[in-house]
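As a plain string of letters, each chain reads:
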Amino acid sequence: MRTARLRNVRPVLWAGWAALATGAVLCVLGWYGISGERYAERQLPYLASCTVPGAALIVAAAVLLAHGGDALAAARVEELYGLLVAADPEDAGSADGTAVAPVAVSGELLMVPGGTLWHRADCPLVAGKPEALPVDSRVLAGGELAPCPICEPTAADDSPGGSPDGGSPGAFPDGPPSGATASG
């Protein structure tokens, strides 16, 4: 797929660069010819034979290079889309009934200041970020943060006693606050 699309793109790019070089050479020759003539009547042949065609080639080169660049970008996007679509459906998880390994399994919960989600410590979205802070139980109780859809943390993950405040089981008598459980 990639080679067929690139076979069409490469000649356009090469033609654009060749037109640009030829147009630049013609403009320089036209300028040199005009600069050596004192009278306008003698400058017109250089203008007509070199400078105007050179400028036209430069404009054509700009169009070809812009089109070739867009086509090259489109070929790359098409290739990436093909790789994405070609992913094995068996790898998608429970399509055939097999269980999917969780993305993150850590019990420690983290948040990024100014963020809107809370995560497990080994979630790919916060792993290795020095600005990530432990989640405060008051923030969870206030419902200011939502659980991360990637690592799907629960409020009970952070505490040894099963509640986010560090072990007192009566912290949430009616269950975790709204937004504190991951929904699927």
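What counts and what doesn't
Residues numbered from 1 in each chain as written. Predicted model: local features only at pLDDT ≥ 70, side-chain atom pairs only at ≥ 80, totals over all residues. Heavy atoms only, no water. Helix = DSSP H or I, 4+ residues; strand = E, 2+ residues; numbered from the N terminus. Buried < 20%, exposed > 50% of the residue type's maximum accessible area, 1.4 Å probe, protein only. Contact = heavy atoms within 4.5 Å. Areas by Shrake-Rupley, 256 points an atom, 1.4 Å probe, with all protein chains shown as cover. Core = buried A, V, L, I, M, F, W, Y, C linked by side-chain atoms within 4.5 Å. Polar contact = N/O pair within 3.5 Å; in protein donor to acceptor, adjacent residues only side chain to side chain. Disulfide = S-S within 2.5 Å. Pairing = 2+ DSSP bridges.

**Q** I would appreciate a short explanation of the overall build of the chain in the present structure.
**A** Counting its secondary structure elements, the chain contains 3 helices and 4 strands. Helices (α) and strands (β) of the chain occur, in sequence order from the N terminus, as α-α-β-β-β-α-β. Residues counted as buried form 25% of the 184 residues belonging to the chain. Intrachain contacts of the chain at a sequence separation of at least 6 include 60% that bridge at least 24 residues. Total accessible area on the chain stands at roughly 11,800 Å², and carbon and sulfur atoms take up 63% of it.

**Q** Help me understand the nonpolar core in this model?
**A** Ranked by size, the top nonpolar core spans 8 residues in total: Leu110, Val112, Ala121, Cys123, Val126, Ala132, Cys148 and Cys151. With residues near it in sequence (within four places) discarded, Ala132 still touches Leu110, Met111 and Val126. Met111, Trp118, Val139 and Leu140 belong to the second largest nonpolar core, which has 7 residues in total.

**Q** I keep staring at the side chain of Arg120 and nothing clicks. Help me out?
**A** Note on placement: Arg120 falls in strand β2 (residues 117-120). Taking the relative accessible area as the measure of exposure, Arg120 reaches 13% and is therefore buried. At 3.1 Å, the side chain of Arg120 forms a polar contact with the backbone oxygen of Cys151.

**Q** How should I be thinking about the state of the cysteines in this particular structure?
**A** Such a bond, covalent and formed between the sulfur atoms of two cysteines, is termed a disulfide. Going through the model one piece at a time under the given rule, you end up with 0 disulfides. Free of any disulfide, Cys27 has its nearest neighbouring cysteine sulfur in Cys50, separated by 8.9 Å. Cys148 carries a free sulfur, and the closest cysteine sulfur to it, the one in Cys123, is 3.8 Å from it.

**Q** Even after reading the chapter, I still don't get the sheet that holds strand β4 (residues 146-147), so can you show me in this structure?
**A** In a beta sheet, neighbouring strands are held together by backbone hydrogen bonds and run either parallel or antiparallel to one another. On the basis of which strands lie adjacent, the open sheet formed by 4 strands has the order β3-β1-β2-β4 and mixed pairing. Because the sheet does not close on itself, it has two edges, and the strands there are β3 (133-134) and β4. With 2 bridges connecting them, strand β1 (residues 109-111) and β3 associate as antiparallel partners. When the bridges of β3 are listed, Met111 appears paired with Leu133.

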